[in-house]
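The lines below spell out each chain.
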Amino acid sequence: MAEVILHIYDVTNSDSEKTNNTIVQINKIFKDGIGLGGIFHSAVQIYGEDEWSFGFCEEGSGVFNCPYGRNPMYTYRESIVLGKTDLTNSKVNQILRELSREWPGDCYDLLSKNCNHFCDEFCDRLGVPNLPGWVNRFANAGDTAVEIAGNTAYRLRQAKTEIVTASKVAYQFLAGIASNTAAAVATDSPSCSSKGGTTTTIPSFQQPAWFKNLVAAGAKPSASSTALDNGDDDDIAHNLSADIPR
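Residues numbered from 1 in each chain as written. Predicted model: local features only at pLDDT ≥ 70, side-chain atom pairs only at ≥ 80, totals over all residues. Heavy atoms only, no water.

## Overview of the confidence of the model for the chain
When pLDDT is averaged along the chain, the result is 76; 57% of the residues meet or exceed 70. Taken together, the stretch residues 142-150 has pLDDT below 50 and engages in six contacts with residues farther than four places along the chain or on a different chain. Segment residues 218-229: pLDDT under 50, and 16 contacts once partners within four positions in sequence are set aside and those in other chains are kept. (pLDDT = per-residue confidence, 0-100. Contact = heavy atoms within 4.5 Å.)

Okay, here's the thing in structure tokens:
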């Protein structure tokens with residue numbers, strides 16, 4: 001059986017020393033202080049002196065290795081023994097070849113497909129426990145927030161469509177009532193004869209002013225409502241700092 005070790009780093013690969021120091025302080029407060037999480041890079045060591053992880057690159061696989069605990073891009077923090085695997089060295093090498101094909105560098109995403117997600121996948125295939133929750137908690141929370149925002153935007157578009165449709169139906173209904181009422185009044189207006197033999201029509205019923213205003217102006221969809229019906233709404237987007245790739 002081979003021991004599987006997780007190596008964890010503070011993400012301090014920014015060109016700005018101030019940014020790096022800030023990240024170290026965040027990790028001290030949120031991980032060391034209250035045990036919540038932080039901004040970390042992770043890698044898995046098994047069979048040998050190298051650790052394996054995942055990162056961004058424009059071409060080829062994002063899976064890479066380096067001597068354990070010595071990744072020059074980050075500041076080493078600690079190691080955790082995750083367990084032992086029954087898999088042979090050759091089987092582990094086969095898994096790494098498969099992961100190298102499945103994890104190209106250009107699919108890297110800070111929130112949904114980062115080094116910690118890769119290590120989780122690697123550990124699953126090795127048959128050992130996943131990373132402690134605090135290692136990738138910030139990324140998981142961010143990914144959940146993005147998903148919620150996307151669902152909210154979709155529901156908002158649905159609501160806008162329903163409001164515009166209801167407005168059109170209401171307008172057509174009220175306009176139809178007004179038209180039918182006017183026609184009925186004109187047809188049914190009584191008349192009487194004057195002494196000179198001419199016919200005099202009794203004045204027709206006058207619609208109340210509030211009803212005229214409602215039909216003529218208040219119920220008709222506005223230009224802005226039509227624009228909403230055409231789907232002209234802003235996309236919800238998020239921007240991530242380029243200072244802290246992982």
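## What to know about the side chain of serine 53
For serine 53, the position within the fold is in strand E3 (residues 50-54). The buried category is assigned to serine 53, whose relative accessible area is 1%. If we ignore the near neighbours within four places in the chain, the residues touching serine 53 are His41, Ser42, Ala43, Gly62, Val63, Phe64, Cys115 and Phe118. (Helix = DSSP H or I, 4+ residues; strand = E, 2+ residues; numbered from the N terminus. Buried < 20%, exposed > 50% of the residue type's maximum accessible area, 1.4 Å probe, protein only.)

## Concerning the nonpolar core
What tends to happen in soluble globular proteins is that the nonpolar side chains get buried as a cluster. Of all hydrophobic cores here, the largest spans 26 residues; its most connected members are Val4, Leu6, Val44, Ile46, Phe118, Phe122 and Leu126. Those elements giving two or more residues to this core turn out to be strand E1 (2-10), strand E2 (40-45), helix H2 (89-102) and helix H3 (115-126). With five residues, the single largest contributor to this core is H3. Contact partners of valine 4, with chain neighbours within four places excluded, come to Val44, Gln45, Ile46, Ile80, Val81, Leu82, Gly83, Thr85, Leu126 and Val128. Listed in part, the five residues of the second largest apolar core include Tyr9, Val11, Ile23 and Tyr74. (Core = buried A, V, L, I, M, F, W, Y, C linked by side-chain atoms within 4.5 Å.)

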